[in-house]
Amino acid sequence: MNHQSNHQSVLVIDFGGQYNQLIARRVRECSVFAEVIPHTKAMEKIKETAPAGLIFTGGPNSVYDDASPKCEPEIFELGIPILGICYGSQLMAYMLGGRVETAPVSEYGRTLVNTDGSSVLFEGVSRETVCWMSHTDYIAQVPEGFRTIASTPVCPTAAMECPEKKFYATQFHPEVMHTEEGKKMLENFVYRVCGCTGDWKMDSFVETTIRQIREKVGDGRALCALSGGVDSSVAAVLMSKAIGKQLTCVFVDQGLLRKNEGDEVEAVFGPDGPYDLNFIRVNAQQRFYDKLAGVTEPEQKRKIIGEEFIRVFEEEAKKIGAVDFLVQGTIYPDVIESGLGKSAVIKSHHNVGGLPDYVDFKEIIEPLRMLFKDEVRNAGRELGIPEYLVSRQPFPGPGLGIRIIGEVTEEKIRIVQDADYIFREEIAKTGLDRELGQYFAALTNMRSVGVMGDFRTYDYAIALRAVKTSDFMTAEAAQIPWDVLNTVTNRIVNEVKGVNRVMYDCTSKPPGTIEFE
């Protein structure tokens, strides 16, 4: 679906950097639509969308290496404003006749940068400001027509500009939160350089998407893969608003849900719930358990779960009659992490990279495919979905299958369900749930010796995970008060059979992911 139609947009041209999705995220915070595009498809997308501006991302390569990614030289002749970031700044300098070399001194982390206030890029920005650096090469000589507009003691060109062509570049990363005034710099670029007016708003997204769905579906029928989580719930209500009873929602209880969750989902979306939906619940627990028996590799588990979901949906569609479209709650982080162009695959999401080769539907509709998680929540609010649903804890499509390290068994599922229920209950009691992006219990594959009631035990270890995040692309481990962790630990060890040890995961994302597999 062309969500940016009739809206100004900025294309983020991907050269392999780790913060690429954050650039799009920050631009959208300026109410300007942004989309990440592989550098290999840049010209094709530019011709298709006529963007208001381009942003070249960072990347791990050196621009002077023959094998390093480049863009087509004609991009610089299109008259479109460009902002280069890190590798993107060096690429701009290199391709336009400047010189890029290995820096005498590398810069990493928070760095004090001196800025030139006469540049539109730094209007309203402090003359000395903290920025985030991460580079080993540097711009040794700017191209003809450019001038330096920022520097550090060891980086003479921390930023440069050619206002006549509307080309700007920063060696530092304005998109990360550690660059204290980065948001202002990006606002200056999209508003003052690109001339954007900020017309990307959630009410217009909802209105436009509903219209596009009606046009696409026509008098056809659609089947929505409803998990009961935030993403699929918003997708279901969005589709319902668009096509009404032409939509059937199928909820597959695959036996990998949180404790009591199957019944909770049915209570909300079933015949007694507030929504006028065609709702079907399929209890397929044993079917999934049998498929997962003996499987320990995370990617294989994800793909098995993804394929089995599709097969169940196909079977239900045949019972309903001719169904043309499959609807999924795929969101933008799913797409990026499953591999965007030639970007690295972090993990296959069951509703993106985990789809089987053959799917028996005319087309898959993913109305939220270009939204980040908080944007999905805002779309839900715009649709009138109750806050308790919109702000609900995220839950992965493969469910507890990826919160159980190693083979999935019914005993392990029971253990992690009970432990997770206790953790979530205690977190809610303290009110910490309102501060956390995600929190859950996972079951490690480690068994250890313990002592309970003077008897030796040899049982599993539970790992607790809680993170703070705004976009689910990066996350920091939350500092849960020790007394809360102590209460949770005591309850889990005493109440959950098969567990004698509890640990807390302090890893941020990156280097870890939020989920365990």
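Keep in mind that what you see is a predicted model, and the values were worked out from it rather than measured.

Parameters and conventions
Residues numbered from 1 in each chain as written. Predicted model: local features only at pLDDT ≥ 70, side-chain atom pairs only at ≥ 80, totals over all residues. Heavy atoms only, no water. Buried < 20%, exposed > 50% of the residue type's maximum accessible area, 1.4 Å probe, protein only. Helix = DSSP H or I, 4+ residues; strand = E, 2+ residues; numbered from the N terminus. Arc of directions from axis to C-beta. Contact = heavy atoms within 4.5 Å. Pairing = 2+ DSSP bridges. Axes fitted to C-alpha atoms, helices over the stretch in contact; angles between N-to-C directions. Phe/Tyr/Trp six-rings, centres within 6.5 Å; stacked < 30°, edge-to-face > 60°. Salt bridge = Lys/Arg side-chain N within 4 Å of Asp/Glu carboxyl O. Core = buried A, V, L, I, M, F, W, Y, C linked by side-chain atoms within 4.5 Å. Parallel < 35°, antiparallel > 145°, perpendicular 65-115°, else oblique. Left-handed = near helix turned anticlockwise from the far one by under 90°.

Visitor: Would you take a moment to explain helix 8 (residues 285-292) for this structure?
Guide: Counting along an α-helix, one turn takes 3.6 residues, and residues three or four places apart therefore face a common direction. Residues Phe288, Tyr289 and Leu292 constitute the buried set of helix 8. Buried positions in helix 8, seen along its axis, are confined to an arc of 100° and lie on one side of it. The secondary structure elements touched by the buried residues of helix 8 are strand 11 (247-253), helix 9 (298-320) and helix 13 (410-430). Immediately beyond the C-terminal end of helix 8, within one or two residues, lies glycine 294, with a positive phi of roughly 80°.

Visitor: What exactly am I supposed to notice about the sheet that holds strand 10 (residues 222-225) here?
Guide: Strand-to-strand pairing in sheets goes through backbone hydrogen bonds, with the strands running parallel or antiparallel. Across the sheet, which stays open at both edges, the 5 strands sit in the order 12-11-10-13-14 with parallel pairing between neighbours. Of all the strands in the sheet, just strand 12 (278-283) and strand 14 (363-365) have a single pairing partner and so form its edges. Direction aside, the axes of adjacent strands within the sheet are offset by 25° on average. Lying on the sheet, helix 7 (residues 261-269) is in contact with strand 11 and strand 12; it crosses strand 12 at an angle near 165°.

Visitor: Explain the packing of aromatic side chains to me, please; I cannot follow it from the model alone.
Guide: Scanning the model with the defined rule gives 11 aromatic pairs in all. A ring pair is formed by tryptophan 200 and phenylalanine 205, whose centres lie 5.8 Å apart and whose planes are at 75°; its orientation type is edge-to-face. Among the residues examined, phenylalanine 205 registers a relative accessible area of 2% and is labelled buried. Aromatic ring contacts, followed pair by pair, group Phe15, Phe56, Phe76, Tyr87, Phe146 and Phe167 into a single cluster.

Visitor: It is not clear to me how the pattern of salt bridges should be interpreted in this structure. Could you clarify?
Guide: Where side chains of opposite charge bring their charged atoms close, a pairing between them can arise. Scanning all chains against the criterion turns up 35 salt bridges. With a closest N to O distance of 2.8 Å, glutamate 375 and arginine 28 form a salt bridge. One end of the pair, glutamate 375, is in helix 11 (residues 373-382); the other, arginine 28, is in helix 1 (residues 20-29), with 347 residues separating them in the sequence. With respect to burial, glutamate 375 and arginine 28 carry one shared label: buried. Salt-bridge contacts for glutamate 261 lead to arginine 258; the nearest nitrogen and oxygen are separated by 2.8 Å. The two residues glutamate 261 and arginine 258 agree in class, both being buried. Within this structure, Glu425, Glu426, Lys429, Arg491 and Glu495 form a network of salt bridges that share partners.

Visitor: Looking at this model, I keep getting lost on the nonpolar core. Mind explaining?
Guide: Among the nonpolar cores identified, the biggest contains 133 residues, and Phe313, Ile462 and Ile492 are the most heavily contacted of them. Residues in contact with isoleucine 492, not counting those within four places in the same chain, are Ala419, Ile422, Ile462, Leu464, Val499 and Val502. Within the second largest apolar cluster, 27 residues are counted, among which are Met43, Ile46, Cys162 and Phe167.

Visitor: What exactly am I supposed to notice about the sheet that holds strand 5 (residues 99-115) here?
Guide: Within the open sheet, the 9 strands sit side by side as 2-1-3-4-9-8-7-5-6. Their pairing is mixed. If you trace the sheet from one side to the other, it starts and ends with strand 2 (33-38) and strand 6 (128-141), each paired once. Between one strand axis and the next, the sheet turns by 20° as a mean value, whatever way the strands run. Two strands pair when backbone bridges link them, and strand 3 (residues 53-56) and strand 4 (residues 82-85) are joined in this way by 3 bridges, in the parallel orientation. The residue bridging isoleucine 55 from the neighbouring strand is leucine 83, located in strand 4. Strands strand 3, strand 4, strand 5, strand 6, strand 8 (159-162) and strand 9 (167-170) of the sheet are contacted by helix 3 (residues 87-95), whose axis makes an angle of about 120° with strand 4.

Visitor: Any chance you could explain the packing of helix 13 against helix 14 (residues 482-495) here in plain terms?
Guide: Geometrically, a packed helix pair is captured by the angle between its two axes and the distance between the axes. At a minimum axis separation of 10 Å, helix 13 and helix 14 run at an interaxial angle of 150°. For the element pair helix 13 / helix 14, the angle class is roughly antiparallel. In this structure, helix 13 crosses over helix 14, and the sense of that crossing is right-handed. Contacts between helix 13 and helix 14 pair Ala419, Ile422, Phe423, Glu425, Glu426, Ile427, Lys429 and Thr430 from the former with Val484, Thr487, Val488, Arg491, Ile492 and Glu495 from the latter.

Visitor: When you look at the pairing of strand 7 (residues 147-151) in this model, what are you seeing that I'm missing?
Guide: Here strand 5 runs beside strand 7; their pairing, made up of 2 bridges, is antiparallel. Paired with asparagine 114 across the two strands is serine 151, which belongs to strand 7. As defined by bridge partners, strand 7 adjoins strand 8 across 3 bridges and the pair is classed as antiparallel. Residue alanine 150 lies in a different strand from strand 8, and its bridge partner there is alanine 159.

Visitor: What am I meant to see in unusual backbone geometry here?
Guide: Glycine aside, residues mostly have negative phi angles, and peptide bonds mostly take the trans form. Between lysine 509 and proline 510 the backbone carries a cis peptide bond, its omega angle lying at -15°. Here proline 510 is to be found in the segment after strand 18 (499-504). In this structure, the amide linkage connecting proline 510 to the following residue, proline 511, adopts the cis form with an omega of 15°. Inspection of the secondary structure assignment puts proline 511 in the segment after strand 18. Within the chain, cysteine 86 stands out as a residue other than glycine whose phi angle is a positive 55°. Mapped onto the secondary structure, cysteine 86 falls in the loop between strand 4 and helix 3. Overall, the relative accessible area of 5% leaves cysteine 86 in the buried class. Phi is positive for lysine 166, close to 60°, though the residue is something other than glycine.

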